[in-house]
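Coordinate analysis (summary)
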Amino acid sequence: MAGAYETGVYRNIFKECGYSEEEIEKRVKETFETIFYGSEEERFYHEAGADMGYMEDTGNHDVRTEGMSYGMMVCVQMNRKQEFDRLWKWVRTYMYIEDGPGKNYFVWSCAVDGTRNADGPAPDGEEYFAMALFFASKRWGDGEGIFNYSSEARAILRECVHKGEPGHPGEPMWNPENHYIKFVPGMEISDPSYHLPHFYHLFAKFSDERDHAFWAEAEAASRRYIALCAHPVTGLSPEYAAYDGTPVLMFGKNYAYYSDAYRVIMNIALDTLWNGRTQALCDIATHVQDFFAKELPEENYRAYDLDGTRWDEPAMHPVAITAVNAAGSIASDSETADMWLKRFWELPMRTGKRRYYDNCLYFFSLLMLSGQYR
């Protein structure tokens, strides 16, 4: 079956489940308003000065390229140009690396006042920046300077692919031989949740013409890699993995399935929505839903080995797990798929210190399932 990118038909899965268009639209709008303009205890978007804004990682009290690029993607999907431009100007003012080996990349973390906490990038930010900018170009047209959205996106991708070549000092974000995205440019390992074949499908059309073939191969390679990394029974993926798919344990963790890895099933869902089914990836979504159906309720979620062995460490983002598992119903063949949709619909947004990551994935999942992530 062809995906929505080809057909132009974006299923409203919540409507198919019996929810009205009015209540679905109300939920989407209220979720955006909560994140951007809710109370101090709810929102994590903040305006800065006359024409900038930032998304705060409330768990770490910093600003990350992950969150800024997520915020930009949300804004372009919701047709909120003012907020999009505020976020992008903050990124270009405080995070952009102007010269040296990291030129045209972005430091992955800053303090909320713009002071840099890091010297280098995290590639998931760059790929989301590029995609959000291309979408902004298509939706609003290109402006001047940093608001020439498509030019900015192509510049990011050019460096991601060609660093290390003459005239492009530094390390590329994608391994030029296997076409896998790296965890960070200087490390030859990957992060399965960074693999976005649905983005690369579009990069192969919107990037510099000489790079179209690279991105087409990255699209195919990423689908293979996602399948390679996932456990054949549980469907769980590691946060970090070697190029052969084996887990890499870092940052003092003894378990493989944790925070970053929650996004894999969400990415499978969006790839399926836009580009149609890849059975190996749909099988992963099925296995993950079946596994977590036995782990409910949310307070039971833990850190896991890939085979499902539980650790004493609680899941850092339980709301996110339920949200992305519901999004997985787009791809899954599990008998639990409808249960996940109902559970997510009834699940409130997260509050408290860790609300940022959970509610970002909550909103992405809500957009997918309402037919509005396009």
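Let me begin by describing the structure that accompanies this report.

Structural notes on the overall build of the protein chain
Across its full length, the protein chain holds 14 helices and six strands. Against the compact-globule benchmark of 21 Å for 374 residues, the protein chain has a radius of gyration of 19 Å, which places it among compact chains. Along the first, second and third principal axes, the C-alpha atoms of the protein chain reach 55 × 45 × 45 Å. Burial analysis of the protein chain (374 residues in total) assigns 61% to the buried set. Of the contacts formed within the protein chain by residues at least 6 apart in sequence, a portion of 65% connects residues at least 24 apart. On the protein chain, roughly 14,400 Å² of surface is accessible, and the fraction owed to carbon and sulfur atoms is 49%.

Description of the state of the cysteines
This model, assessed by the stated rule, comprises zero disulfides. The structure places no disulfide on cysteine 160, whose sulfur is separated from the nearest cysteine sulfur, that of cysteine 110, by 18 Å. On the accessibility criterion, cysteine 160 (0% relative accessible area) is buried. Just so you know, cysteine 360 is unpaired, no disulfide at all, and the nearest cysteine sulfur is the one on cysteine 75, 11 Å from it. A relative accessible area of 6% means that cysteine 360 is categorised as buried.

Side note on the environment of serine 332
Mapped onto the elements of the fold, serine 332 is located in the loop between helix H12 (318–327) and helix H13 (337–345). Taking the relative accessible area as the measure of exposure, serine 332 reaches 11% and is therefore buried. Through-space distance from the C-alpha of serine 332 to that of alanine 269 is 8.4 Å; in sequence the pair is 63 residues apart. Setting aside its immediate chain neighbours within four residues, serine 332 contacts Cys282, Ala285, Thr286 and Gln289. A polar contact is formed between the side chain of serine 332 and the backbone nitrogen of serine 334, at a distance of 2.8 Å.

Some words on the packing of helix H8 (residues 197–206) against helix H10 (residues 263–275)
Contact pair H8 / H10: the axes reach a minimum separation of 8 Å and the direction vectors enclose 45°. By the angle class used here, H8 and H10 are oblique. Side by side, H8 and H10 meet where Pro197, His198, Phe199, His201 and Leu202 of the first sit next to Asn267, Leu270, Asp271, Trp274 and Asn275 of the second. Residue classes in the contact of H8 with H10 are distributed as five nonpolar, four polar and one charged.

Some thoughts on the nonpolar core
If you look at the biggest cluster of nonpolar residues, it comprises 127 residues, and the most contacted ones within it are Met68, Met73, Phe199, Trp215, Phe292 and Tyr373. For this core, the leading source of residues is helix H14 (residues 355–369), giving eleven residues. Once residues lying within four places of it in the same chain are set aside, the contact partners of methionine 73 are Tyr128, Met131, Ala132, Phe135, Phe199, Phe364 and Tyr373. Counting residues in each nonpolar core, the second largest holds six residues, with Tyr180, Ala221, Tyr225 and Tyr243 among its members.

Looking at the pattern of salt bridges
Under the criterion given, the structure shown has 28 salt bridges. A salt bridge links glutamate 217 to arginine 224, with the nearest nitrogen and oxygen atoms 3.0 Å apart.

Here's the deal with the side chain of glutamate 159
In this fold, glutamate 159 is placed in helix H7 (residues 149–162). Those residues in contact with glutamate 159, other than ones at most four positions away along the chain, are Lys103, Asn104, Tyr105, His168 and Pro172.

Points about unusual backbone geometry
The omega torsion of the bond from leucine 296 to proline 297 falls at 5°, within 30 degrees of zero and hence cis. The topology assignment puts proline 297 in the loop between helix H11 (279–293) and strand S5 (302–304). Even without a glycine there, the phi angle at asparagine 104 is positive, about 70°. With respect to the secondary-structure elements, asparagine 104 resides in the loop between helix H5 (81–95) and strand S4 (109–110). With a relative accessible area of 11%, asparagine 104 lands in the buried category. The phi dihedral of phenylalanine 251 falls on the positive side, at around 60°, and the residue is not glycine. Structurally, phenylalanine 251 is set in the loop between helix H9 (212–229) and H10.

What about the packing of aromatic side chains?
With the rule as written, the count across this model stands at 53 aromatic pairs. The interplanar angle of 75° and the centroid separation of 5.9 Å between the aromatic rings of tyrosine 37 and tyrosine 45 together place this pair among those described as edge-to-face. Plain terms: the ring middles of phenylalanine 344 and tyrosine 362 are 4.8 Å apart, the flat faces sit at 70° to each other, and that makes the pair edge-to-face. With phenylalanine 344 in helix H13 and tyrosine 362 in helix H14, this residue pair connects regions lying 18 residues apart in the sequence. Pair check on accessibility: phenylalanine 344 and tyrosine 362 agree, each one buried. Above the face of the tryptophan 345 ring, arginine 27 is positioned so that its terminal group lies 4.3 Å from the ring centre. The positively charged end of arginine 92 is found above the aromatic ring belonging to tyrosine 96, 3.9 Å away from the centroid.

Calculation criteria
Residues numbered from 1 in each chain as written. Predicted model: local features only at pLDDT ≥ 70, side-chain atom pairs only at ≥ 80, totals over all residues. Heavy atoms only, no water. Helix = DSSP H or I, 4+ residues; strand = E, 2+ residues; numbered from the N terminus. Rg over C-alpha atoms; globule rule 2.2 N^0.38 Å. Buried < 20%, exposed > 50% of the residue type's maximum accessible area, 1.4 Å probe, protein only. Contact = heavy atoms within 4.5 Å. Areas by Shrake-Rupley, 256 points an atom, 1.4 Å probe, with all protein chains shown as cover. Disulfide = S-S within 2.5 Å. Polar contact = N/O pair within 3.5 Å; in protein donor to acceptor, adjacent residues only side chain to side chain. Axes fitted to C-alpha atoms, helices over the stretch in contact; angles between N-to-C directions. Parallel < 35°, antiparallel > 145°, perpendicular 65-115°, else oblique. Nonpolar A, V, L, I, M, F, W, Y, C, P; charged D, E, K, R; others polar. Core = buried A, V, L, I, M, F, W, Y, C linked by side-chain atoms within 4.5 Å. Salt bridge = Lys/Arg side-chain N within 4 Å of Asp/Glu carboxyl O. Phe/Tyr/Trp six-rings, centres within 6.5 Å; stacked < 30°, edge-to-face > 60°. Lys NZ or Arg CZ within 6 Å of the ring centre and 35° of its normal.

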